[in-house]
2 protein chains.
Amino acid sequence: MPWAARRSHLGRRGLAIGIDIGGTKVAAGVVDAEGRVLAEARRSTPGADPRAVEQTIVELVDELSAEHRVASVGIGAAGWMDLDGGTVLFSPHLAWRNEPLRASLQKLLRRPVLLTNDADAAAWAEWRFGAGQGESRLVCVTLGTGIGGAMVMDGRVERGRYGVAGEFGHQIIFPGGHRCECGNRGCWEQYASGNALGREARQLVRTNSPEGRALLEKAGGTAENLTGAAVTALALEGDATSRELLADQGEWLGLGLANLAAALDPGMFVIGGGLCDAGELLAGPARESFAKNLTGRGFRPMAGIALAALGPRAGMIGAADLSRVSGRAHS
Amino acid sequence: MPWAARRSHLGRRGLAIGIDIGGTKVAAGVVDAEGRVLAEARRSTPGADPRAVEQTIVELVDELSAEHRVASVGIGAAGWMDLDGGTVLFSPHLAWRNEPLRASLQKLLRRPVLLTNDADAAAWAEWRFGAGQGESRLVCVTLGTGIGGAMVMDGRVERGRYGVAGEFGHQIIFPGGHRCECGNRGCWEQYASGNALGREARQLVRTNSPEGRALLEKAGGTAENLTGAAVTALALEGDATSRELLADQGEWLGLGLANLAAALDPGMFVIGGGLCDAGELLAGPARESFAKNLTGRGFRPMAGIALAALGPRAGMIGAADLSRVSGRAHS
């Protein structure tokens, strides 16, 4: 093969499709070896039926691979995959239980397929191309409806003995506290997440306190419509009460990060997810609380707390990249 | 060198001295490559003065190496060592601050010296020779006056970015709760440790409740004399109140282990330290609480909870073994 053709061949081999399956939409992208997204497509998540989700994945890959030569497909979803990346053990938003998704998708897609937890995928992307580059002990925390978590250690996603490590959002930090979707009470994600922010705002509004007036207005007069995203938007517009609610979330965020630092001693935390749209309104109080709650402060180097760099595409980029490098880096 | 002499030489090379520096005593032992303790010696901890502690170490090594040919010395102490194993960053019970202890000890002892955290040393011993053998994701928790913690992952002690990982006892599980020596409130070790057990017993006795009579008697009529060890002894004799107090500790132990499992997903926990003299009176309630508080229970394999096998010599054995293998396994 002449040299130019070989280079071009290698270039094509470098493309992978990353697919991020969320509760409401499935987003897919063609990602190159430098983490750039060359093309994108998306669909609504077709309910929880595994066959319908498979069909959606096939359609997205067909659409994207018409224009790009793609060597592998990485799929990220909330939930637990086995260590081998072949089977979905459990996914909260999808009706997958012990689903050998990879085997059936590899047949349909005629390419190597890797399944990965969405938080692991996002962390990998931030370590490879984003805010966590070069860090030997990276902990990522994604603040969305709940908290997703993942660790990249010595250049590998650390997934634990059975592949379900990184569920930081379910550390109990307030025994007997708010009920969590996982069935426990007092989980961290009930105190620092988009859902927690929305809940606090709704409770405030329902007291009829004058503090809640701007929030109630933003919600069109109905407390039930108030979401974490609306509170964040109001805070960015300058509303003092919304900023206080965000600062509360930041305080709990910092306390949970201090717990993780006690156990894991990372060099850096990268914080991503929708709640981070608040930027320093969240990160500032989080850093203060982290510094106040970190055990051994003053006798140890302190991990940095950085905001994620890749935004909502991190999961897609990471899933694509992991499907490419899985043989050597994702064990 | 004739073959027989070489074999004997290699045999001697396999011996190392492990030294465990505690708050009250310094224990040293000659340990062979199978983790057996061939000889022991001990001294009282000579106050907090670094020079006096060094002198004690030299005396112990001189005494033990008179009878055994020893190739290296491993020293375990509560506190934080740098990643290189050369400098004590901080030790709560000793006045070492940024002390380059290894360099000065290597000169005095004329042998390679490794400094290690005592919990890391004990975990390593349990992984090599004790209850955690063969486990690829091992988490060890040592319940003494506080909680020591360590992880062995893929056959290496995981020490974090700066060498201070594993401080599980300082995860905050009850914000605003009991004051901790670390300056925070609500740390796990204030709810599951020998000190916590003693504090709870003293508080109970001070209420003058009839429930506390056996405890008060055990303490010779003075609540202040009551220790965790005394409560454990009474519980083993059958005292119902002491058993309840131990079960409370076990419940908090299980909750904290569930938090660690959410984050780390280990294959096994090994629980050691003085509080484990209570055996199943502690481990039983801990297992129940772990099963009740583990997020995702029912959808994941559950880590086992085993009692440590090596007893109070684990730190000594682990420090010796780490000094022998440090080049290849302790990074």
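It should be emphasised that the depicted structure is a prediction, and the values quoted were computed from it without experimental measurement. (Residues numbered from 1 in each chain as written. Chains lettered and ligands numbered in written order. Predicted model: local features only at pLDDT ≥ 70, side-chain atom pairs only at ≥ 80, totals over all residues. Heavy atoms only, no water.)

With that settled, the discussion passes to the overall build of chain A. Counting secondary structure elements, chain A contains 10 helices and 13 strands. Its C-alpha atoms give chain A a radius of gyration of 21 Å, within 12% of the compact-globule value 20 Å for 331 residues. Taken along the three principal axes of its C-alpha coordinates, chain A extends 70 × 50 × 35 Å. Classification of the 331 residues of chain A by burial places 57% in the buried group. Sequence-distant contacts, at least 24 apart, represent 61% of the contacts inside chain A between residues at least 6 apart. A total of about 13,200 Å² of accessible surface is found on chain A, and carbon and sulfur atoms cover 50% of it. The averaged location of the 36 negative side-chain charges in chain A is 6 Å from the averaged location of its 35 positive side-chain charges. (Helix = DSSP H or I, 4+ residues; strand = E, 2+ residues; numbered from the N terminus. Rg over C-alpha atoms; globule rule 2.2 N^0.38 Å. Buried < 20%, exposed > 50% of the residue type's maximum accessible area, 1.4 Å probe, protein only. Contact = heavy atoms within 4.5 Å. Areas by Shrake-Rupley, 256 points an atom, 1.4 Å probe, with all protein chains shown as cover. Lys, Arg positive; Asp, Glu negative; His and termini not counted. Charge placed at Lys NZ, Arg CZ, Asp CG, Glu CD.)

What follows deals with the interface of chain B and chain A. Each partner contributes to the interface: chain B provides 48 residues, whereas chain A provides 48 residues. For the chain B and chain A pair, buried surface summed over both sides reaches about 3,800 Å², with 57% attributable to carbon and sulfur atoms. Interface area lost by chain B to chain A is led by Tyr162(B), Asp265(B) and Phe299(B), which between them contribute 16%. Applying the counting rule to chain B against chain A returns six salt bridges. Those elements that provide at least two residues to the side of chain B that touches chain A are strand 10 (147–153), strand 11 (156–158), helix 8 (240–264) and helix 9 (280–293) of chain B. (Buried area = accessible area lost by both parts, 1.4 Å probe. Salt bridge = Lys/Arg side-chain N within 4 Å of Asp/Glu carboxyl O.)

Further remarks concern a negative patch on the surface. All names here are of chain A. On the surface, Glu 211, Glu 244, Asp 248, Glu 251 and Glu 288 cluster together to form a negatively charged patch. When residues of the negative patch are assigned to their parent elements, the largest contribution, three residues, is made by helix 8 (residues 240–264). Within the element layout of this structure, Glu 251 appears in helix 8. (Patch = residues over 30% accessible without salt bridge, like charges linked within 9 Å, V, L, I, M, F, W, Y side chains within 5 Å.)

What follows is about the sheet that holds strand 6 (residues 88–90) of chain B. All names here are of chain B. Read from one edge of the open sheet, three strands run 5-6-7, paired in antiparallel fashion. The strands lining the two open edges of the sheet, one partner per strand, are strand 5 (80–81) and strand 7 (97–99). Sheet analysis places strand 5 next to strand 6, joined by two bridges and oriented antiparallel. Its bridge partner being in strand 6, Met 81 is matched across the sheet by Val 88. (Pairing = 2+ DSSP bridges.)

Taken as a whole, this structure holds four cavities of 30 Å³ or more when the rule is applied. Here the largest cavity is characterised by a volume of approximately 90 Å³. As for the largest cavity, its lining consists of Phe168(A), Gln171(A), Asn259(A), Leu260(A), Ala263(A), Leu264(A), Gln171(B), Asn259(B), Leu260(B) and Ala263(B). Elements represented by at least two residues in the lining of the largest cavity include exactly helix 8 of chain A together with helix 8 of chain B. Looking at the lining of the largest cavity residue by residue, the class counts come to six nonpolar, four polar and no charged. Reported here for the second largest cavity is a volume of approximately 50 Å³. (1 Å grid on protein atoms, 1.4 Å probe; cavity = no way out; pocket = protein on both sides within 12 Å on 5 of 7 lines; lining within 4 Å. Points joined across faces, edges and corners; volume = space filled by probe spheres on them. Nonpolar A, V, L, I, M, F, W, Y, C, P; charged D, E, K, R; others polar.)

Residues and elements named next belong to chain A. Ordered by their spatial adjacency, five strands build an open sheet running 11-10-9-12-13, and the pairing between neighbours is mixed. Edge positions in the sheet fall to strand 11 (156–158) and strand 13 (304–307), since each of these pairs with one other strand and no more. For this sheet, the mean inter-axis angle between neighbouring strands, taken without regard to orientation, is 30°. Direction of pairing for strand 9 (residues 137–143) relative to strand 12 (residues 268–272): parallel, over a ladder of five bridges. Bridge pairing links Thr 142 to Gly 272 in strand 12. (Axes fitted to C-alpha atoms, helices over the stretch in contact; angles between N-to-C directions.)

Another point: helix 4 (residues 118–129) of chain A. Residues and elements named next belong to chain A. Compared with the 16 Å implied by 1.5 Å per residue over 12 residues, the 16 Å span of helix 4 between its first and last C-alpha is a close match. Buried residues dominate helix 4, accounting for 10 of its 12 residues. Those residues of helix 4 not exposed but buried are Ala 119, Asp 120, Ala 121, Ala 122, Ala 123, Trp 124, Ala 125, Glu 126, Trp 127 and Phe 129. Backbone nitrogen of Ala 119 and a side-chain oxygen of the N-cap are separated by 2.8 Å at the start of helix 4; the cap is Asn 117. (Expected span 1.5 Å × (residues − 1). Polar contact = N/O pair within 3.5 Å; in protein donor to acceptor, adjacent residues only side chain to side chain.)

Now for the relation of the copies chain B and chain A. Of the transformation superimposing chain B on chain A, the axial component is 0.0 Å and the angular component is 180°, with the fit at an RMSD of 0.0 Å. As the rotation angle and translation indicate, the two copies are arranged about a two-fold axis. Proximity to the rotation axis, assessed at the C-alpha, singles out Ile173(B) in chain B; its C-alpha lies 2.3 Å from the axis. Looking at chain B, 100% of its interface residues are interface residues in chain A too, so the copies touch through the same face. (Least-squares fit on C-alpha atoms with pLDDT ≥ 70 in both.)

It is generally the case that most residues other than glycine have a negative phi and that most peptide bonds are trans. Despite not being glycine, Arg110(A) shows a phi value in the positive range, around 55°. One non-glycine residue, Asp154(B), lies in the positive phi region at around 50°. Summarising the element assignment, Asp154(B) is placed in the loop between strand 10 and strand 11.

Further remarks concern the environment of Pro301(B). Mapped onto the secondary structure, Pro301(B) falls in the loop between helix 9 and strand 13 (304–307). Separated by 25 residues in sequence, Pro301(B) and Cys276(B) have C-alpha atoms that sit 25 Å apart.

So, on to the pairing of strand 10 (residues 147–153) of chain A. All names here are of chain A. Of all the seven residues making up strand 10, six are buried; the element is thus mostly covered by neighbouring parts of the structure. With seven bridges joining them, strand 9 and strand 10 adopt antiparallel strand pairing. Paired with Cys 140 across the strands is Ala 150, a residue of strand 10. The pairing of strand 10 with strand 11 spans three bridges and is classified as antiparallel.

A few words on the packing of aromatic side chains. Enumeration over the complete set of coordinates arrives at 14 aromatic pairs over all chains. Measuring from centroid to centroid gives 4.3 Å for Phe90(A) and Phe299(B), while their planes differ by 25°, and the two rings are stacked. On the criterion of chain membership, the pair formed by Phe90(A) in strand 6 (residues 88–90) and Phe299(B) in the loop between helix 9 and strand 13 is interchain, its members lying in two chains. Phe299(B) gets classed as partly exposed once you look at its relative accessible area, which sits at 38%. (Phe/Tyr/Trp six-rings, centres within 6.5 Å; stacked < 30°, edge-to-face > 60°.)

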